[in-house]
Amino acid sequence: MTDTSATRHVPSQTSPADSAPPADGPVTGAVRPEPAPDTNPLRRTRTGSTWVGIILFAVLLVLLLVFILQNTQSVEVSYFGVTGVVSLAVAMLLAAVAGVLLTAIAGSLRIWQLRRHLRRSRRR
């Protein structure tokens, strides 16, 4: 999927007087000149957004590493009768990952449901 919103030309609203042919008749084969592309060097691009995302992800990983290194004490964890000893950080990270997975599954099912509904309504 390609995002072309930064390069797509959006026509401006024209009044009926602006769209009327010239007084000497319509010109056949006339081509409107394209407007100059956006030359703002500070505009947001996909590459810039990706770079910001990578930096935020790296900061998150450093914070996660600090969390793991500061919580190395062992704890006993029991789940449905299974008992084990694991570091506190690993137990909390596993719980967080399980929460993220449950949220992703619920969101994916809802997206699938909405797409299926949209396809069925388009067929009618």
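Residues numbered from 1 in each chain as written. Predicted model: local features only at pLDDT ≥ 70, side-chain atom pairs only at ≥ 80, totals over all residues. Heavy atoms only, no water.

Engineer: Help me get a handle on the overall build of the protein, residues and values and all.
Structural biologist: Each helix and strand counted, the protein has three helices and two strands in total. Along its sequence from the N terminus, the protein presents helices and strands in the succession α-α-β-β-α. Buried residues in the protein amount to 2% of all 124 residues. (Helix = DSSP H or I, 4+ residues; strand = E, 2+ residues; numbered from the N terminus. Buried < 20%, exposed > 50% of the residue type's maximum accessible area, 1.4 Å probe, protein only.)

Engineer: Break down the packing of aromatic side chains for me, citing the residues and quoting the values.
Structural biologist: Working definition: an aromatic ring pair is given by the centre-to-centre distance plus the angle between the planes. In total, this model carries one aromatic pair according to the counting rule given. Pairing Y79 with F80 gives two aromatic rings, centres 4.6 Å apart and planes at 70°, and the pair type is edge-to-face. (Phe/Tyr/Trp six-rings, centres within 6.5 Å; stacked < 30°, edge-to-face > 60°.)

Engineer: Quick rundown of unusual backbone geometry? Include the residues and the values.
Structural biologist: The phi dihedral of F80 is positive, around 50°, even though this residue is not glycine. Among the structural elements, F80 can be located in the loop between strand 1 (74-79) and strand 2 (82-87). For F80, a relative accessible area of 75% translates into the label exposed.

Engineer: If you had to explain the confidence of the model for the protein to someone new, which residues and values would you point to?
Structural biologist: Mean pLDDT over the protein stands at 79; residues scoring 70 or higher make up 73%. Mean pLDDT values for the elements of the protein range from 52 in helix 1 (residues 16-19) up to 91 in helix 3 (residues 88-123). (pLDDT = per-residue confidence, 0-100.)

Engineer: How would you summarise the environment of A91 if you had to cite specific residues and measurements?
Structural biologist: Residue position: A91 is located in helix 3. Residues A91 and V75 lie 16 residues apart in sequence; the distance between their C-alpha atoms is 8.3 Å. Excluding residues within four positions of it along the chain, A91 makes contact with V77 and V86. (Contact = heavy atoms within 4.5 Å.)

Engineer: Requested: an account of the environment of F67, with residues and values cited.
Structural biologist: Relative to the helices and strands, F67 is located in helix 2 (residues 46-70). In this structure the C-alpha to C-alpha distance between F67 and V90, which are 23 residues apart in sequence, comes to 9.9 Å. Among all residues touching F67, those that are not within four sequence positions of it are A89 and M92.

Engineer: Give me the pairing of strand 2: which residues, what numbers.
Structural biologist: Where strand 1 meets strand 2, six bridges bridge the pair, whose relative direction is antiparallel. Counted as the bridge partner of S74 is S87 from strand 2. (Pairing = 2+ DSSP bridges.)

Engineer: Account for the pairing of strand 1, with residues named and values stated.
Structural biologist: When you tally the buried positions in strand 1, you get zero out of six residues, a small fraction of the element. Where strand 1 hands over to strand 2, the hairpin turn is made up of two residues, of which F80 adopts a positive phi near 50°.

Engineer: Can you break down the layout of surface pockets residue by residue, with the values?
Structural biologist: In this structure, the largest pocket occupies an estimated 240 Å³ of space. Lining the largest pocket are V77, Y79, V82, T83, G84, V86, A91 and L94. Of all elements in the fold, only strand 1, strand 2 and helix 3 reach the threshold of two or more residues within the lining of the largest pocket. Looking at which element gives the most residues to the lining of the largest pocket, the answer is strand 2, with four residues. Classifying every residue of the lining of the largest pocket by side-chain character gives six nonpolar, two polar and no charged. (1 Å grid on protein atoms, 1.4 Å probe; cavity = no way out; pocket = protein on both sides within 12 Å on 5 of 7 lines; lining within 4 Å. Points joined across faces, edges and corners; volume = space filled by probe spheres on them. Nonpolar A, V, L, I, M, F, W, Y, C, P; charged D, E, K, R; others polar.)

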